[in-house]
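Structural overview
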Amino acid sequence: MDAKAYLRLAIDQARKTMNNKEGGPFGAVVVDTKDGSVYVASNTVLTEHDPTSHAEINAIREACKKKETHDLTGCILYTTCYPCPMCLSASIWANIKEVYYGCTPEDAEAIGFRDDYIYRYIQEGCKDHEVIDLTQSEREMCLALFGDYAQTISERY
């Protein structure tokens, strides 16, 4: 299968859950290039009552669960829209090095989604307190926890 076929799978899954009012028009497919495994998911924010239940996150979670790993090296992500900051970060954390996408953040913004708004917030240094107020507190206590982790855990992710 090629990118078009995988994106068709993502679109078909997104259309199904979108029409069932489970979430927005977002679908994703994770393909393992090593063994050919395919994991298809869509946005389920509305039914899960979970703002992190984006299609890409759901597909990554499914692939990791089935593969019993947190490392998706060798996998490719196909998604109906450019990943939002959360989904892009999850892809990076999962070691996915290749992403094919359909629509742009501007396309998502045009139908009411905030992807591009969040990207702008990040690009501007996360300083707009109207969006979220970030306050550092108790760094020394937290650094002690980090120190314990650095001494006891061998596997980094």
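What you see is a predicted model; the values in this text were computed from it and never measured. (Residues numbered from 1 in each chain as written. Predicted model: local features only at pLDDT ≥ 70, side-chain atom pairs only at ≥ 80, totals over all residues. Heavy atoms only, no water.)

Right, let's talk about the UniProt feature "domain: CMP/dCMP-type deaminase" (unreviewed entry) in the protein chain for a bit. Per the UniProt record, the feature "domain: CMP/dCMP-type deaminase" (unreviewed entry) sits at residues 1-124. Counted over residues 1-124, helix gives 47% and strand 19%. Its end C-alpha atoms are 40 Å apart. (UniProt positions renumbered as here; feature names shortened; annotations may be inferred. Helix = DSSP H or I, 4+ residues; strand = E, 2+ residues; numbered from the N terminus.)

A few words now on the pattern of salt bridges. All chains considered together, the criterion is met by 6 salt bridges. For Asp-32, the salt bridge goes to Lys-67, with nearest N and O atoms at 2.4 Å. Residue Asp-32 is found in strand 1 (residues 27-32), and its partner Lys-67 is found in helix 3 (residues 55-67); the two are separated by 35 residues along the sequence. Close ionic contact of Asp-35 with Lys-67 constitutes a salt bridge, the shortest N to O distance being 3.5 Å. In this pair, Asp-35 is assigned in the loop between strand 1 and strand 2 (38-42) and Lys-67 in helix 3, connecting sequence segments 32 residues apart. Owing to a relative accessible area of 26%, Lys-67 belongs among the partly exposed residues under this scheme. Sharing partners across several salt bridges, the network here consists of Asp-32, Asp-35 and Lys-67. (Salt bridge = Lys/Arg side-chain N within 4 Å of Asp/Glu carboxyl O. Buried < 20%, exposed > 50% of the residue type's maximum accessible area, 1.4 Å probe, protein only.)

Here the focus is the environment of Ala-10. Tracing the backbone shows Ala-10 in helix 1 (residues 3-19). With relative accessibility at 0%, the residue Ala-10 sits in the buried group. Expressed as a C-alpha distance, the spacing of Ala-10 and Asp-50, which sit 40 residues apart in the sequence, is 20 Å. Ignoring any residue separated from it by four or fewer positions in sequence, one finds Ala-10 in contact with Gly-27, Ala-28, Val-29, Tyr-78 and Thr-80. (Contact = heavy atoms within 4.5 Å.)

Take the side chain of Thr-79 next. Summarising the element assignment, Thr-79 is placed in strand 3 (residues 75-81). Residue classification places Thr-79 among the buried positions, given a relative accessible area of 0%. Within polar-contact distance, the side chain of Thr-79 engages the backbone oxygen of Gly-27 at 3.4 Å. Separated by 2.7 Å, the side chains of Thr-79 and Glu-56 make a polar contact. Setting aside residues up to four positions removed in sequence, Thr-79 forms contacts with Leu-7, Gly-27, Ala-28, Glu-56, Val-99, Tyr-100, Tyr-101 and Gly-102. (Polar contact = N/O pair within 3.5 Å; in protein donor to acceptor, adjacent residues only side chain to side chain.)

Attention shifts here to the pairing of strand 4 (residues 98-103). For strand 3 and strand 4, the ladder comprises 5 bridges, and the chain directions are parallel. Paired with Tyr-78 across the two strands is Tyr-100, which belongs to strand 4. For the handedness criterion, the β-α-β arrangement of strand 3, helix 4 (residues 85-93) and strand 4 is classed as right-handed. (Pairing = 2+ DSSP bridges. Right-handed = clockwise from strand over helix to strand, strands pointing away.)

As a further point, take the nonpolar core. Ranked by internal contacts, the top residues of the largest apolar core, which has 21 residues, are Val-30, Ile-60, Leu-72 and Ile-96. Per-element tally for this core: the top contributor is helix 3, with 6 residues. Here Leu-72 is in contact with Val-30, Ile-60, Ala-63, Cys-64, Lys-67, Ala-94, Asn-95 and Ile-96, once residues within four sequence places are set aside. Judged by nonpolar contacts, the second largest core, of 7 residues, contains Tyr-6, Ala-10, Val-29 and Tyr-78. (Core = buried A, V, L, I, M, F, W, Y, C linked by side-chain atoms within 4.5 Å.)

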